[in-house]
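Below, each chain spelled out in residue letters.
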Amino acid sequence: MAFAVALLVCSGFASQSQPFTGTTAPVGPAMGEPQNLAPPGNRAAPGPSDVLRPPAPIPVPVAPLPAPPQVERAPSAPVPQPALAPVVPAGQVALYLSARFGRDLPQVPGGIVWRIFPDRPDATGAMRPIREDKSASPMLFLPPGSYIVHATMGHAHTLKKVQLRTETVREVFELPAGGIRIEGRVGDARIPPSQIHFDIFRGSQFEQGDKRPVRQNVLTGEVLLVPEGTYHIVSHYGDGNAVVRSDIRVQAARVTDVTVNHRAAIVTLKLVATGGGEALANTQWSVLTPGGDVIKESIGAFPRVVLAEGDYRVIARNEGRSFQHDFNVTPGVDREIEVVAR
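The structure contained in this document is the topic of the report that follows.

Cut-offs and rules
- Residues numbered from 1 in each chain as written.
- Predicted model: local features only at pLDDT ≥ 70, side-chain atom pairs only at ≥ 80, totals over all residues.
- Heavy atoms only, no water.
- Helix = DSSP H or I, 4+ residues; strand = E, 2+ residues; numbered from the N terminus.
- Areas by Shrake-Rupley, 256 points an atom, 1.4 Å probe, with all protein chains shown as cover.
- Salt bridge = Lys/Arg side-chain N within 4 Å of Asp/Glu carboxyl O.
- Pairing = 2+ DSSP bridges.
- Axes fitted to C-alpha atoms, helices over the stretch in contact; angles between N-to-C directions.

### Comments concerning the overall build of the protein chain
Here is step 1 of the chain: Looking only at helices and strands, the protein chain has one helix and 22 strands in total.
Here is step 2 of the chain: In the structure as shown, the protein chain presents an accessible area of about 22100 Å², 54% of it carried by carbon and sulfur atoms.

### Here we look at the pattern of salt bridges
Here is step 1 of the chain: A complete count under the given rule lists 13 salt bridges for this structure.
Here is step 2 of the chain: Notably, a salt bridge pairs Lys296 with Asp239, separated by 2.6 Å at the nearest N-O pair. Residue Lys296 is located in strand S18 (residues 294–299), and its partner Asp239 is located in the loop between strand S13 (229–237) and strand S14 (242–250); the two are separated by 57 residues in the primary sequence.
Here is step 3 of the chain: What you see here is one network of salt bridges that share partners, running through Glu183, Arg185 and Arg190.

### Observations regarding unusual backbone geometry
Here is step 1 of the chain: Even without being a glycine, Asn217 presents a positive backbone phi close to 55°.
Here is step 2 of the chain: Inspection of the secondary structure assignment puts Asn217 in strand S11 (residues 213–218).
Here is step 3 of the chain: You will see that Glu319, though not glycine, has its phi angle at about 50°, which is positive.
Here is step 4 of the chain: On the secondary structure map, Glu319 appears in the loop between strand S20 (310–318) and strand S21 (321–329).

### Observations regarding the sheet that holds strand S4 (residues 139–142)
Here is step 1 of the chain: A sheet is described by the order of its strands in space; here three strands give the open sequence S4-S1-S7, paired in mixed fashion. Whereas interior strands pair on both sides, the edge strands pair on one side only; in this sheet they are S4 and strand S7 (169–174). Across the sheet, the axes of successive neighbouring strands diverge by a mean angle of 30°, strand direction being ignored.
Here is step 2 of the chain: Relative to S7, strand S1 (residues 93–100) is paired through six bridges, and the arrangement is parallel. Along S7, the bridge assignment pairs Leu95 with Val169.

What follows is the structure in C-alpha cells.
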C-alpha cells in the first residue's frame, strides 16, 4: 500500500480522483508546476505557503502479530545421583541377604520372610528371632557374632549359619520353590469358586508315607508356594461324592496351572403329591449308591447335591411315609429329580 501511495505522489496525482478524500478537482498545471488554490479574482503571486505539497505518507493499518505460541517444555528428568554406601553404625557389621530359585535361576523377587536367630538358645532353651525382615534383598546391621538366618516363602524354607566379624557379609540363599494354581471344570464350563476347593498333599497319591496335607481348602486361582517336587491334589466339587485326585509336578521359579475336570452334575430333589405339583416341605432326603452306601442326607423342600456320574437311589421321608426313586447322573447335565408321594 505504501508503495502505491508513493507512486501517486511522484506522478502528480494524474488520476481523475483524489485518493482518500472522495472529492474532484480540475486538472492542474503541467506536471511539476505548483498549483494555486485561491479564487481567480483574488489570485496573487503564489507564496511558499500556497504551494501544494505532496501529502505525508498515509499510515497503513497493520494487524498486530499474534503472540508466539507457548511451547510447553517437558520437565527435565532429575539427574541420577550416585548411590551412597550405607553408613555402618559403630560396633555393627552389615549383612546383605538375597535368594534365588536355584543355581542359574532368577533371583526371588519378593514374598520372603527373613528371620535372624542367635546360634544358641536362650536361658529357657528357646530359639527366638532377634530380627525379621520382609524385603526381597534386605541389608541388616548386627553386632559381630554367629547367627542362623532362616528364609521362608510360602511352604518353602531354608536356613544357613553365618559368621559376622568386621567385614561386610553377603549371603545368597537357594530357595527352589514354585507355585500351584488350580481351577475346576465340568466339560468346558468353569466351576464357580464357591462350589469347589482343593487339598494339597506331598508326593504321589500312589506312594506310601506321610499323607498329611500340605494345605487344605485351597481356593480357585489362589497361588500356593511350595518346594519343587511331586504333589497330588484332591478336588472336592460340592459336598457330595464328586471328588477327583490327580498328581502334578512343581518346578522351581514357575507357577504350575492345573485344571481338574469333574464328571458330575447338580441334582435338585423335590417331593410332590402329584407330577408337576408343589414341593412338600420338611422332607428328609437320603441319596444312596446302588449298593446302599449313603452319599448325602439333608432336610428341605429343594435340596441340591453335586453327584459324580453314575446311578443312584433317593429316599424321601415325609409325615412318617417313605418314597424312593432311581435316577442317573450325566456329566454336565444339571436336572431336577421329582419324587411322587404315592
